[in-house]
Amino acid sequence: MGDSIQLKDEGNKHFQSGDADKAIECYSKAIKLCKDKKELAVIYRNRSACYLKKENFANAASDASKAIDVDAADIKALYRRCQALEKLGKLDMAFKDVQRCATLEPKNNTFVETLRRLGADIQAKLKSTFSTDSRVQNMFDILLDDEMEKDKREKAANNLIVLSREDAGAERIFQNNGVPLLLNMIETGKPEMVLAAVRTLSGICTGHKARAMAIIHMVGVDKMCSIMAVDNEEIALATCNLFQCINDSLTGGDKREYGKEEALVLDTSKDLKTILLSLLEMVTSKKVSGHGRDQALNLLSKNVPRTDMKNKDNSKSLFTIDHGLKKILKVCGQVPELPDQLPMTDNTQLIASVLLNKIYDDLTCDPERDNFRDICNEYIKSKIDPNNMDKTIHAINTISGLLQGPFDVGNTLVGQQGIMEMMVALCASEREVDQMVAVEALIHSSSKMSRASFIITNGVSLLKDIYKKTTNEKIKIRSLVGLCKLGSAGGDDYGLRQFAEGSTEKLAKQCRKWLCNPKIDTKTRKWAIEGLAYLTNDADVKDDFVEDETALKAMFELAKSKDKTIIYAVACTLVNCTNCYEKKEILPELVQLAKFSKQHVPEQHPKDKKDFIEKRVKRLLKAGIISALAVMVKADSSILTNQTKELLSRVFLALSMDAKDRGTIVAQGGGKALIPLALEGTEAGKTKASHALAKIASISSPEIAFPGERVYEVVRPLVSLLQTDKDGVQNYEALRGLTNLAGYSNKLRVKIVKEKALPEIENYMFEENDQIRQAATECMCNLVTCKEVQDRYLEDGNDKLKLIVLLCGEEEDNLQVAAAGALAMLTAAQKKLCHKLSLVTTQWLEILQRLCIHTNPSIQHRGLVIVYNMLHSDDSELAKKLMESELLEILSVIGKAEDNPKRQDAIDVARDCLVKAMDLSLIKPFTSPP
């Protein structure tokens, strides 16, 4: 008995000294030894207090309950249990405990206040719960009532989707029998009902592993696949998004935070493998629509290859090769003109090619790549049959798919004995479909210059022959594109023309003619753009093309169509027209050396000079290029590859070079379209898009250029341009853009701080380049009104304030305006900085005096405001030091000056400073003798 009391007393001492862990240890030992019930209750109550301090609320509530079991009127134990229960979210139980406390001690203000607060919290929770529950039930009642008006049902469906996007709303739908009701909506088969149900399921799954697992098992992977398989683009896309939400939740791909509770879920690998196998089954199922097949391929493209190459695990790609490579090849080989083909859209085969390319790029060693090639080779061989032309053209079309994807694999196959001969033989076939497939294969196989040289030798005469003899426009245009591609093998090198002078212009003219002919179907007109994508390497062709406004507008309209296979060709054409491709710097010394050794020297076409490029940009903007680019960027498909995104980013940057054109870009939605390009893609692409964003952000009103919440997404791309690996122009433009954003709102200033931009901006304030140093200082001037920034200047042990003071002493007016403005705002916001300013450098007073007598009214005004702030800083010694210096004379001269509109701000501040000095009894008012 004595031991337990001694241990309890020790525990009390430890608790009072703040060591809760040792206190718990003593109380726990005392509990084991104590035999007296009342004494035991006290020890439990004391340990409960320790657990509360440690925020172990479950144990705190448990111990308090044990004390209450002995004495139901133990007011300390009751209140401790109340506190623990409140933290555990059990408000009603906590309310009962504090109610009992208030009954026992009605005059205790702590109990009364807690009782009032908990009562209000419970009411709010009940209101929220009942209103959410009733809203959910009401929406389902409306949706499942066949007699309900259509607009009411649409409104209910939208409300349900919005509610599911909030974690609390998603949980209420899930808990209130929501999934079976959503399945009922799907069973109606009505597109709008199915769409609403699928989108709501996506909301429920987002960021919640447990709910995602539950929905997989309640709805079923097969059921979700059957929904995605329907011939409805919106439903297929929505179901694709549902699969992606489930995948992100199960793999941790969704990095957002959703509530405090973390779901405990068993191993998810089995479900993820089931989904992967089901998607591979969809790829070649005839029951799946073209839209469903596209989305299955898109999901595979997004989730099978690694997104981070630092991750060594490429098992998903290897699994897909083993279980689905032949299925993807089958899709590539489909010939829509033949009977009994898989349902497909215009985009399906290119999406499959992109998927093949991503999987091949994901392989890590030669044996893996050899296995990939062997499977492709085996598949092609199994399809080539001299007695079955349909199977043979399927094989050739599959090679075309590989040439558009993993080119090296396709190129190896083309080089095998008999394949090129087979393509040439098919060109001579009487069947038009054979000719079409063969010509396309020839076009795709000439993507590399070495291969083009081979085909120039063997295939040009063949393509010319087909072009002259065929009456079928589809084949004619394809053979012409083949000629275009071969004719442009030298790129933009004026001295490496493959064809005779003027030939490329004739080919381009024919392409423009087809492009502008509305009677030709989209799929065929697309090939006209393919031709121009090659021919616009020639400056004469690109100049003629941008002069043809009808042809430009026709191309932009095609770029907005559902056929997304056009995007890459349009992007290439625009890159050529704006000359924004990567240019290798040619050193004069190397040119002289090449001439001396009689090597080829690249030549620039006269029409590729700056003034011609600027004229082309103006014409493209006039023809509506921005709206076309905005639509292309929105393409929700793996066809919009990182390479294509980079091309679009290059075009945007070229278009935004002239500040006068940036208003047009903003007005047509260019600012909004640039954000996704700046956040995803290749490093070069993201940098180009970020640079274009910086140019727009530096001179445009943020709320107009980036409406709504989008403006916050612009900050990260601009901050990325501050890195040291970016060039000076990019640093400068980014700083100007951030300056404009920082001047817009405090939320944006906080966002800039959160993106860790401050150290970079401070570094550029030391920059030798005057323009960059000025831009960085102006940016800081706009940021110093943010409390987080002020805190950095208040910290000891850094030279941040010293730098600002020294910059005030620079000769450049604009730099002084920015630095003095920053110092004026800092000293106004934080009085401590007024004293700190006088310690950072011995030159501070001299610099301040120079500001106050500056000829520039803006600089003078800012200098005087700093003096005013220092006089109001409650530091009497500092104020005395100011008035004992030449500043008193400066203030007197300025204050006594006649009113002058140009310098009135400075005069008024000087007078206010003198008044404050008199209030502090540092100077006396001038009085005339009696």
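Structure first, text after, so check above.
Residues numbered from 1 in each chain as written. Predicted model: local features only at pLDDT ≥ 70, side-chain atom pairs only at ≥ 80, totals over all residues. Heavy atoms only, no water.

(A) The overall build of the chain, seen in detail. Helix and strand counts for the chain stand at 53 helices and zero strands. For 930 residues, the compact-globule formula gives about 30 Å, and the C-alpha radius of gyration of the chain, at 37 Å, lies well above that figure. For the chain, buried positions account for 52% of its 930 residues. Long-range contacts, defined here as pairs at least 24 residues apart, represent 68% of the contacts in the chain between residues at least 6 apart. (Helix = DSSP H or I, 4+ residues; strand = E, 2+ residues; numbered from the N terminus. Rg over C-alpha atoms; globule rule 2.2 N^0.38 Å. Buried < 20%, exposed > 50% of the residue type's maximum accessible area, 1.4 Å probe, protein only. Contact = heavy atoms within 4.5 Å.)

(B) Main features of the side chain of K836. Within the secondary structure, K836 sits in helix α48 (residues 832–840). No salt bridge is formed by the buried K836; its nearest oppositely charged neighbour, D796, is found at 4.4 Å. Contacts of K836, omitting those with residues within four sequence positions, involve Y793, L794, E795, D796 and L801. (Lys, Arg positive; Asp, Glu negative; His and termini not counted. Salt bridge = Lys/Arg side-chain N within 4 Å of Asp/Glu carboxyl O.)

(C) Region of the structure containing the pattern of salt bridges. All told, the structure shown has 45 salt bridges when counted by the stated rule. One salt bridge in this structure joins D899 and R911, with 3.1 Å as the shortest N-O distance. With D899 in the loop between α52 (887–896) and α53 (904–919) and R911 in helix α53, the pair connects residues that are 12 residues apart, well separated along the chain. Counted as one network, the salt bridges with shared partners bring together D167, E171 and R211.

(D) Quick peek at the packing of aromatic side chains. Here the structure, examined in full by the defined rule, presents two aromatic pairs. Here Y79 and F111 contribute two aromatic rings whose centre-to-centre distance is 5.2 Å and whose plane-to-plane angle is 50 degrees, an arrangement assigned as tilted. Pair noted here: Y79 is in helix α5 (residues 75–87) and F111 is in helix α7 (residues 109–143), with a separation of 32 residues, a long-range link. Take Y79 and F111: they sit in the same class, and that class is buried. (Phe/Tyr/Trp six-rings, centres within 6.5 Å; stacked < 30°, edge-to-face > 60°.)

(E) Region of the structure containing the nonpolar core. Counting residues in each nonpolar core, the largest one holds 264 residues, and the members touching the most others are F372, L515, I625, L629 and M780. With residues up to four places along the chain from it excluded, the contact list for L629 reads L574, L648, V651, F652 and L655. (Core = buried A, V, L, I, M, F, W, Y, C linked by side-chain atoms within 4.5 Å.)

(F) Just the environment of D294, in detail. Along the chain, D294 turns up in helix α16 (residues 290–303). Since its relative accessible area comes to 5%, D294 is described here as buried. Separated by 57 residues in the primary sequence, D294 and L237 place their C-alpha atoms 9.1 Å from one another. The residues contacting D294, other than those within four sequence positions of it, are T345, N347, T348 and I351. Side-chain polar atoms of D294 contact the side chain of T348, separated by 2.6 Å. (Polar contact = N/O pair within 3.5 Å; in protein donor to acceptor, adjacent residues only side chain to side chain.)

(G) Highlighting a negative patch on the surface. On the surface, E149, D151, E154 and E192 cluster together to form a negatively charged patch. Examined against the element boundaries, E192 turns out to sit in helix α11 (residues 191–205). Note on E192: relative accessible area 41%, which makes it partly exposed. (Patch = residues over 30% accessible without salt bridge, like charges linked within 9 Å, V, L, I, M, F, W, Y side chains within 5 Å. Areas by Shrake-Rupley, 256 points an atom, 1.4 Å probe, with all protein chains shown as cover. Charge placed at Lys NZ, Arg CZ, Asp CG, Glu CD.)

(H) Just helix α47 (residues 813–829), in detail. The end-to-end C-alpha distance of α47, which contains 17 residues, comes to 24 Å, matching closely the 24 Å that a straight helix rising 1.5 Å per residue would cover. Burial within α47 is extensive, with 12 of its 17 residues counted as buried. Here α47 has its buried residues at L815, Q816, V817, A818, A819, A820, G821, A822, L823, A824, L826 and T827. Close packing links the buried residues of α47 with α44 (770–783), α45 (787–794), α46 (800–808), α48, α49 (844–852) and α50 (857–871). (Expected span 1.5 Å × (residues − 1).)

(I) Structural view of the packing of helix α17 (residues 315–332) against helix α20 (residues 389–404). Taken N-terminus to C-terminus, the directions of α17 and α20 make an angle of 105 degrees; their axes are 7 Å apart at the nearest point. It follows from the interaxial angle that α17 and α20 lie roughly perpendicular. Facing α17, whose interface residues are L329, K330 and C332, α20 presents H394, N397, T398, G401 and L402. Across the contact of α17 with α20, the residue classes tally to three nonpolar, four polar and one charged. (Axes fitted to C-alpha atoms, helices over the stretch in contact; angles between N-to-C directions. Parallel < 35°, antiparallel > 145°, perpendicular 65-115°, else oblique. Nonpolar A, V, L, I, M, F, W, Y, C, P; charged D, E, K, R; others polar.)

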